[in-house]
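# Working through the structure, step by step
What follows is the residue order along each chain.
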Amino acid sequence: MNVPFKPHAAHWGTFSARWQDGKLEVRNFAGDPDPNGIVENFPAALRHRARIAQPMVRRGWLEGGAGPDARRGRDGFVAVGWDEVLDRLGDELRRLRPEQVFGGSYGWASAGRFHHAQSQLHRFLNTAIGGYVRSINSYSAGASAVIVPHVLGDYSDLTMHNVTWEQIAEHSDIVLAFGGMALKNSMIAGGGVSAHVERGAMDRAVARGCQFVLVGPQRSDLQDSVHADWVSNIPGTDTALMMALVHTLVAENLHDRDFLARYTEGWPIFEDYLRGVTDGQPKDAAWAAKITDIPADDIIALAQRLHGKRCVVVVAHALQRAEHGEQPVWMGAVLAAALGQIGLPGGGYAYGLGAIAYYGRRQNAVPMPTLGQGRNGVGDYIPVARIADMLLNPGTPYRYNGETRSYPEIKLIYWAGGNPFHHHQDLNRLRRAVAQVDTFVVHELAWTATARHADIVLPCTMTFEREDIGGNPQDPLLVAMHQIAEPYGEARDDYAIFCDLAERLGKRDAFSEGRTPREWLEHLYERTRDGLIKQDLTAPTFSEFWEAESLVLPQKPDDGGKLRRFREDPAGYPLTTPSGRLEIYSATVASFNEADCPGHPAWLPPADVPSAEAPLFLVANQPATRLHSQLDFGGHSDGAKRRGREVASMHPDDAAARGLADGDIIRLFNARGACLASLRITDGIRAGVMQIPTGAWYDPQDPEEDMPLCVHGNPNVLTRDVGSSSLAQGCTGQLTTVQVEKFTGNLPPIRAFDPPS
């Protein structure tokens, strides 16, 4: 029988799939002008040996009970029936208070609106045990999410409802991209997108005469077709370059003084710093040249080139995933203000544009199906990237956003829909941290490093093994995600697991509200349908939507959002900052008295710089062949590796100095750890800089060692686990320093995708 293809959605796009003759087949969505290859990870992944077939309990926890245990990640596992494992887990949850439980989901598991692991987990913890200690912000934007509200107001206004790709294509004269706008990043969006528009918009802009300038150590961070001028600076020096650009504008009277006077707060204070009145050091081109390794004449010429043009300043997420990551975000806004472009179509400041696929798009005009998470009875939280600090230092005070807080004492971690052994830094430190808790619970579809370090591993279904609704609030296509295949082994939906676990705690009805998964889909869909009805638009019933398999939703006009209205009427539409204006100087931030984040943008030299022991910068950025670490065992991801290892890029001069050849297996190392990778030599990276993407599953050669060699190429054995500053405590995993040498020993096998003993 010829099985028809059915629509589905993933975070990297809409597609269709079918299960026929024991194989999964996938097809890109016909309406997507620029589909990506990540969907090709699915066929090999659905029935891969890395899938978890039944509930597993770590031997030491099963035999010795709950408690701290350094054997996590080194121990074997025992298969346990569903009834027994849920009974044991229910007993453990009853033993603990809600404020001793950390709900660690990070939200990137499924594109579905109902089977969204983060929402399922948090709803369960809220309804069944009364709450949990949560995390706030994200690894991607930990620093920017804190500084932007102080400077510009609502974060989403700047990132999602500001400069769009339509405006870039139609209005921009110059796109100045600090850190680039790599297409590999804009392939991804929570809930997926039906049309990847970024490549086409940039190409149309170039055809109209728009110019692109890329500032960063990698040429590939803008697509070749835009013919960008590449300004190759030393990593982490973007703030100094921005200051020198503004200094040149001021020195040559090219800055927009009227805009600064009408729309900004604190310019005179910052100008004194810029000119060197406050510290004796003008932040001019000659000063920045020594920091950035960009000739002073080139800096001056770039500033002159920006003047009088419809210029949009873009700052990538990557820049703020580093020491003092707040500074380039803040300074980028100051540069855009000095040019007077903020609020104009295709001009101003577009933080994060290109970092993710739902930035730079129109909003849907009706609400999306959304699962309520209930009320959290625990008020405590941590910045998301401080999990190891919390586990290693309970009760210790720390600073965050002007407050002195204390880390809670966590006894149980419950994780569903994420892999901290991908996105966290200094994995050897994280191993020590997770050894401190009494119990570590994971819902997982495959044997990730997180699952290997857990005590209780509950196998969950993959997206094809259940029904759902796919979509995101910046994409017009709502997708009926049909079930394609039967669950693997004894895997269950997260919802089914939580229903049975809630029953053991006497809270099944509170969690489930008596609904089946299909009834939940019908219930959640009504929110969107009601929005259509209120606008007198065609509003199919759920049955009609499900049979049609998709629904095109109306979208709001591309009106430039609050920044456009603010420019037109700053008194009538003030920003949500204390002054109602763009805060170049923030009295609020200044009042926090943080030495590593003063009251205006500042050049703060980083501590992690090249040395004799670690002479090369390492850029650990997002991968092109997978979403974070998802489905690393899939065909598209695995096929891009060499000899099974992740590929690291190096400049020819650095390779020649070490006697390395393209394709060599190399060892990258520093004081925190070491990993193997396959070497790619390219002149598309700055000399003195290496690059390796994140997401290769952590694969320690000898887990018994305290600092084992990762043989697969996970750069987070090398990155530093420190906060961006005392203000935001954001992740700093984008940039570190390493030494590199050729690996000459017997090449260890890759075991990351083999089930543990």
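Attention in this report is confined to the structure presented alongside it. (Residues numbered from 1 in each chain as written. Predicted model: local features only at pLDDT ≥ 70, side-chain atom pairs only at ≥ 80, totals over all residues. Heavy atoms only, no water.)

### With respect to the overall build of the chain
To keep it simple, the criterion reads: Runs of E in the DSSP output that reach at least two residues are strands. Runs of H or I that reach at least four are helices, and both are numbered from the N terminus. This radius of gyration counts C-alpha atoms alone. The globule rule is 2.2 Å times how many residues there are, raised to the power 0.38. Classification of residues uses two cut-offs on accessible area relative to the type maximum, computed with a 1.4 Å probe and protein chains only: under 20% is buried, over 50% is exposed, and between them is partly exposed.
Across its full length, the chain holds 28 helices and 29 strands. Taking 757 residues into account, the globule formula puts the C-alpha radius of gyration at 27 Å, and the chain, at 26 Å, falls close to it. Taken along its principal axes, the extent of the C-alpha atoms in the chain is 75 × 70 × 55 Å. The buried share of the chain, reckoned over its 757 residues, is 63%.

### Overview of helix 25 (residues 561–568)
As a reminder of what qualifies: In what follows, a contact means two residues having at least one pair of non-hydrogen atoms within 4.5 Å.
Every buried residue of helix 25 is listed here: Gly-561, Leu-563, Arg-564 and Phe-566. Here the buried face of helix 25 lies against helix 6 (155–160), helix 7 (165–170), helix 11 (257–263) and strand 23 (582–583).

### Description of the packing of helix 10 (residues 238–251) against helix 14 (residues 296–306)
We apply this condition: In this analysis an axis means a line fitted to C-alpha atoms, helices contributing only their contacting stretch, and an angle means the value between N-to-C directions, from 0 to 180 degrees. Less than a right angle of anticlockwise turn of the near helix away from the far helix marks a crossing as left-handed, whereas a clockwise turn marks it as right-handed. Any residue outside Ala, Val, Leu, Ile, Met, Phe, Trp, Tyr, Cys, Pro, Asp, Glu, Lys and Arg is labelled polar, Gly included; the first ten of those are nonpolar and the last four are charged.
Running from N to C, helix 10 and helix 14 cross one another at 65°; their axes reach a closest spacing of 9 Å. Classified by chirality, the crossing of helix 14 by helix 10 is right-handed. Between helix 10, through Leu-241, Ala-244, Leu-245, Thr-248 and Leu-249, and helix 14, the contact on the second element is made entirely by Ile-299, Ile-300, Leu-302 and Ala-303. Looking at the contact of helix 10 with helix 14 residue by residue, the class counts come to 8 nonpolar, 1 polar and no charged.

### Concerning the pattern of salt bridges
The line we're drawing: By salt bridge we mean one thing: a side-chain nitrogen of Lys or Arg within 4 Å of a carboxyl oxygen of Asp or Glu.
What the rule picks out here adds up to 52 salt bridges. Here Arg-518 makes a salt bridge to Glu-467, at a shortest N to O gap of 2.9 Å. Here Arg-518, found in helix 23 (residues 517–534), pairs with Glu-467, found in the loop between strand 19 (456–459) and strand 20 (468–470); they are 51 residues apart in sequence, far enough to count as distant. Overall, the relative accessible area of 31% leaves Arg-518 in the partly exposed class. Each of Arg-58, Asp-69, Arg-72, Asp-75 and Asp-455 takes part in salt bridges that share partners, so that together they form one network.

### Let's talk about empty space enclosed by the protein
Under the convention used in this document: Here a cavity denotes a set of grid points, spaced 1 Å apart and computed over the protein atoms alone, in which a 1.4 Å probe fits but from which it cannot get out, and a pocket denotes an open set meeting protein on both sides within 12 Å along at least five of seven lines; residues with an atom within 4 Å of a point are reported as lining. Grid points are joined across faces, edges and corners, and a volume is the space filled by probe spheres set on the points.
The tally for this structure, following the rule as stated, stands at 7 cavities of 30 Å³ or more. As a volume, the largest cavity reaches approximately 530 Å³. Taken together, 36 residues line the largest cavity, and the ones lying closest to its centre are Trp-108, Ala-109, Glu-444, Leu-445 and Gln-630. Taken together, the elements giving at least two residues each to the lining of the largest cavity come down to strand 1 (6–10), helix 18 (420–423) and strand 18 (439–444). By residue class, the composition of the lining of the largest cavity is 18 nonpolar, 15 polar and 3 charged. Empty space within the second largest cavity amounts to approximately 90 Å³. Forming the boundary of the second largest cavity are Tyr-106, Tyr-139, Ser-140, Arg-321, His-422, His-423, Gln-425, Gln-622, His-628, Thr-694 and Asn-716. Of the residues assigned to the lining of the second largest cavity, the class counts are 2 nonpolar, 8 polar and 1 charged.

### Brief notes about the sheet that holds strand 5 (residues 77–79)
Quick note on the threshold: Strands are labelled as partners when DSSP assigns at least two bridges between them.
In space, the 6 strands of this open sheet follow the order 5-4-19-18-17-6, with mixed pairing throughout. Both outer strands of the open sheet, strand 5 and strand 6 (101–103), are each paired with one neighbouring strand and no more. Averaged over all pairs of adjacent strands, the angle between strand axes in this sheet comes to 15°, irrespective of strand direction. As defined by bridge partners, strand 18 adjoins strand 19 across 4 bridges and the pair is classed as parallel. For Val-441, the partnering residue across the bridge sits in strand 19 and is Ile-456. Packing of helix 4 (residues 117–129) onto the sheet brings it into contact with strand 6 and strand 17 (412–416), and relative to strand 17 it is tilted by some 140°.

### Focus on the sheet that holds strand 8 (residues 174–178)
The strand order across the open sheet formed by 5 strands is 10-9-8-12-13, and the pairing between neighbours is parallel. Of all the strands in the sheet, the pair left with one neighbour each is strand 10 (229–231) and strand 13 (348–349). Bridging between strand 12 (residues 311–315) and strand 13 involves 2 bridges; their strand directions are parallel. In the strand pairing of strand 13, Val-313 is matched with Tyr-349. Against the sheet, helix 14 makes contact with strand 8, strand 9 (211–215), strand 10 and strand 12, and its axis sits at roughly 135° relative to strand 8, the strand it touches most. Against the sheet, helix 16 (residues 326–339) contacts strand 8, strand 12 and strand 13, and its axis sits at roughly 175° relative to strand 12.

### Considerations on the nonpolar core
Going by this rule: Among buried residues, those of type Ala, Val, Leu, Ile, Met, Phe, Trp, Tyr and Cys that are joined through side-chain atoms within 4.5 Å constitute a nonpolar core.
Judged by nonpolar contacts, the single largest core of 163 residues is most densely connected at Phe-42, Leu-152, Leu-176, Phe-178, Leu-335, Tyr-349 and Met-690. With 10 residues, the top contributor of residues to this core is helix 16. The contacts of Met-690, once residues within four sequence positions are left out, are Leu-616, Phe-617, Leu-618, Val-619, Ala-648, Ser-649, Met-650, Ile-666, Leu-668, Leu-679, Ile-685 and Val-740. Core analysis: the second largest hydrophobic core is formed by 49 residues, Leu-93, Tyr-414, Ile-469 and Tyr-525 among them.

### Observations concerning the side chain of Ser-172
So the rule is basically this: Any N or O atom pair separated by 3.5 Å or less is treated as a polar contact, with the protein-specific requirement of one donor-capable and one acceptor-capable atom, and with residues adjacent in sequence counted only for side-chain atom pairs.
Its location among the elements puts Ser-172 in the loop between helix 7 and strand 8. Overall, Ser-172 belongs to the buried group, its relative accessible area being 0%. A polar side-chain atom of Ser-172 sits 2.7 Å from the main-chain carbonyl oxygen of Gly-346. Not counting the four nearest positions on each side in its chain, Ser-172 is found in contact with Gln-167, Arg-208, Cys-210, Arg-310, Val-312 and Gly-346.

### Some thoughts on the state of the cysteines
For clarity, the threshold we go by: Count a disulfide wherever a pair of cysteine sulfur atoms falls within 2.5 Å.
Here the structure, examined in full by the defined rule, presents 0 disulfides. In this structure Cys-311 is not part of a disulfide, and its nearest cysteine sulfur, from Cys-210, lies 9.0 Å away. Owing to a relative accessible area of 1%, Cys-311 belongs among the buried residues under this scheme. For the unlinked cysteine Cys-675, the closest cysteine sulfur is that of Cys-710, found at 6.0 Å.

### Observations regarding the pairing of strand 3 (residues 23–28)
As defined by bridge partners, strand 2 (residues 13–20) adjoins strand 3 across 6 bridges and the pair is classed as antiparallel. Across the sheet, Trp-19 pairs through a bridge with Leu-24, a residue of strand 3. In sequence, strand 2 turns back onto strand 3 through a hairpin of 2 residues, with Asp-21 there showing a positive phi of about 55°.

### Quick look at the packing of aromatic side chains
Which entries qualify depends on this criterion: Two rings from Phe, Tyr or Trp (for Trp, the six-membered ring) form a pair when their centres sit within 6.5 Å of each other. Planes less than 30 degrees apart are called stacked, planes more than 60 degrees apart edge-to-face, and all others tilted.
Under the criterion given, the structure shown has 31 aromatic pairs. With centroids separated by 5.9 Å and ring planes inclined at 70°, the aromatic side chains of Phe-15 and Phe-464 adopt a geometry described as edge-to-face. With Phe-15 in strand 2 and Phe-464 in the loop between strand 19 and strand 20, this residue pair connects regions lying 449 residues apart in the sequence. Both rings, one in Phe-498 and one in Phe-511, keep their centres 6.0 Å apart while their planes meet at 65°; by these two values the pair is edge-to-face. Of this pair, Phe-498 sits in helix 21 (residues 494–504) while Phe-511 sits in helix 22 (residues 508–512), and the two are 13 residues apart along the sequence. The exposure classification of Phe-498 matches that of Phe-511, with both residues buried.

### Concerning the side chain of Gln-739
Positionally, Gln-739 belongs in strand 29 (residues 735–742). Here Arg-658 takes part through its side chain, which lies 3.4 Å from a polar atom of the side chain of Gln-739. Apart from residues no more than four positions distant in its own chain, Gln-739 is found in contact with Ala-612, Glu-613, Ala-614, Pro-615, Arg-658, Arg-667, Leu-668 and Phe-669.

### Some details on the packing of helix 10 against helix 16
Under the convention used in this document: By definition in this entry, angles of less than 35 degrees are roughly parallel, angles greater than 145 are roughly antiparallel, angles of 65 to 115 are roughly perpendicular, and the rest are oblique.
It is at 9 Å that the axes of helix 10 and helix 16 come closest, and there the two elements cross at 20°. Viewed along their axes, helix 10 and helix 16 adopt a mutual orientation that is roughly parallel. For the pair helix 10 and helix 16, the crossing hand works out as left-handed. Seen from helix 10, the contacting residues are Thr-239, Met-242, Met-243, Leu-245, Val-246 and Leu-249; seen from helix 16, they are Gln-327, Pro-328, Met-331, Gly-332, Leu-335, Ala-338 and Leu-339.

### Describing the environment of Thr-127
Inspection of the secondary structure puts Thr-127 in helix 4. As a C-alpha pair, Thr-127 and Lys-507 span 380 residues in sequence and 7.0 Å in three-dimensional space. If we ignore the near neighbours within four places in the chain, the residues touching Thr-127 are Lys-507, Ala-510 and Phe-511. Only 2.7 Å separates the side chain of Thr-127 from the backbone oxygen of Arg-123, close enough to count as a polar contact.

These figures come from the coordinates and say nothing about function on their own.
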